[in-house]
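# Overview (structure and organization)
Next come the chains, spelled out residue by residue.
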Amino acid sequence: MSDIIARGNVENGDKLFKARCAQCHTTANGAPNKQGPNLYGLFGRKSGTVAGYAYSDANKNAGIMWGEQTLFDYLENPKKYIPKTKMAFAGFKSEQDRADVVAYLEQSTK
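A brief look at the structure comes next. For every chain, the first residue of the written sequence is number 1, and numbering continues from 1 along that sequence. Local features in this predicted model are restricted to residues of pLDDT 70 or higher, and side-chain atom pairs are both shown and tallied only at a pLDDT of 80 or more, whereas totals for entire chains, interfaces and linings draw on every residue. Side-chain measures were taken over the full set of non-hydrogen atoms in the model, leaving aside hydrogen atoms and water.

## Comments concerning the overall build of the protein
Formally: Strands are runs of DSSP state E lasting at least 2 residues, helices are runs of H or I lasting at least 4, and numbering of each runs from the N terminus. Only C-alpha atoms enter the radius of gyration; for comparison, a globular chain is expected to reach 2.2 Å times N to the power 0.38, where N is the number of residues. For each residue, the accessible area found with a 1.4 Å probe, counting protein chains only, is set against the maximum for its type, and the residue is called buried under 20%, exposed over 50%, and partly exposed in between. Any two residues having at least one pair of non-hydrogen atoms within 4.5 Å are treated as being in contact. Shrake-Rupley sampling with a 1.4 Å probe provides the accessible areas, and residues are treated as covered by the protein chains on show and by no other component. A residue counts as positive if it is Lys or Arg and as negative if it is Asp or Glu; His and the chain ends are not included. Where a charge lies is defined by one atom per residue type: Lys uses NZ, Arg uses CZ, Asp uses CG and Glu uses CD.
Broken down by element type, the protein carries six helices and zero strands. Overall, the protein shows an N-to-C arrangement of helices and strands of α-α-α-α-α-α. Taking 13 Å as the expected radius of gyration for a compact globule of 110 residues, we find that the protein reaches 13 Å, a close match to that expectation. In terms of principal-axis extent, the alpha carbons of the protein reach across some 35 × 30 × 25 Å. Looking at the protein residue by residue over its 110 residues, the buried ones come to 42%. Pairs at least 24 apart in sequence give 45% of the contacts found in the protein among residues at least 6 apart. Summing over all exposed atoms, the protein offers an accessible surface of approximately 6000 Å²; the carbon and sulfur share of this is 51%. Charge centroids of the protein, computed over 15 positive and 11 negative side chains, lie 9 Å from each other.

Below, the structure is given as structure tokens:
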């Protein structure tokens, strides 16, 4: 784990998630998919595998195993990380913001 990811702030990540992600994603066990898939169980899961969500072929075929570093890198620019993904989010340019969201997701998706 990089130093920046280790310094992620869960509370700030919660605020960022609610402001920029929650309109498309849920994190609770059993919560529905929205515009984006439910993120419960995200860490250690292969990209494009949430049941009942209609992923793009790009996401299904990316073969990414989600972890702290892959998610941190993805959240900078999702369309660059997985070209032709359906995810319309432009990304978090700030390393600290990405670390905070990763910390929040690590806690909220278990």
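## With respect to the pattern of salt bridges
The following threshold applies: For this document, the term salt bridge refers to a Lys or Arg side-chain nitrogen within 4 Å of an Asp or Glu carboxyl oxygen.
A full pass over the atoms with the stated rule returns four salt bridges. Here Lys18 ties to Asp14 by a salt bridge, and the two come within 3.3 Å at their closest N and O atoms. Of this pair, Lys18 and Asp14 both sit in helix H2 (residues 10-20), four residues apart, roughly one helical turn. For Asp14, a relative accessible area of 22% gives the class partly exposed. When the shortest N-O distance is used, the salt bridge between Asp57 and Lys60 registers 3.5 Å. Residue Asp57 and its partner Lys60 are both found in helix H3 (residues 57-61); the two are separated by three residues, about one turn of the helix. Residue classification places Asp57 among the exposed positions, given a relative accessible area of 52%.

## Here's the deal with the side chain of Thr109
Operational definition: Any pair of nitrogen or oxygen atoms within 3.5 Å is treated as a polar contact; in protein, a donor-acceptor pairing is required on top of that, and neighbouring residues in sequence qualify only through side-chain atoms on both sides.
Within the secondary structure, Thr109 is located in the segment after helix H6 (95-108). In terms of polar contacts, Thr109 uses its side chain to reach the backbone carbonyl oxygen of Leu105, at 2.5 Å.

## Description of the nonpolar core
Soluble, globular proteins show a tendency: their nonpolar side chains are buried together. So the rule is basically this: Each nonpolar core is a collection of buried residues, namely Ala, Val, Leu, Ile, Met, Phe, Trp, Tyr and Cys, held together in the definition by side-chain atoms within 4.5 Å.
One finds Trp66, Leu71, Leu75, Phe92 and Leu105 to be the most contacted residues of the largest nonpolar core, which totals 21 residues. Residue assignment for this core shows that the elements contributing at least two residues are helix H1 (3-6), H2, helix H4 (68-74) and H6. A total of five residues in this core trace back to one element, the largest contributor, which is H6. Those residues in contact with Leu75, other than ones at most four positions away along the chain, are Phe89, Gly91, Phe92, Arg98, Val101 and Val102.

## Remarks on the packing of H2 against H6
Put simply, the rule reads: To get an axis, fit a line to the C-alpha atoms, keeping to the stretch in contact for a helix; angles then go from 0 to 180 degrees between the N-to-C directions. An angle below 35 degrees is treated as roughly parallel, one above 145 as roughly antiparallel, one from 65 to 115 as roughly perpendicular, and anything else as oblique. Amino acid classes used here: Ala, Val, Leu, Ile, Met, Phe, Trp, Tyr, Cys and Pro are nonpolar; Asp, Glu, Lys and Arg are charged; the rest, including Gly, are polar.
As a packed pair, H2 and H6 sit with axes 7 Å apart at the nearest point and diverge in direction by 95 degrees. Considering the angle they form, H2 stands roughly perpendicular to H6. Within the contact between the two elements, H2 uses Val10, Asn12, Gly13, Asp14, Leu16 and Phe17 and H6 uses Asp97, Asp100, Val101, Ala103, Tyr104, Leu105 and Gln107. Looking at side-chain class alone, the contact of H2 with H6 contains seven nonpolar, three polar and three charged residues.

This is a description of form; function is not addressed.
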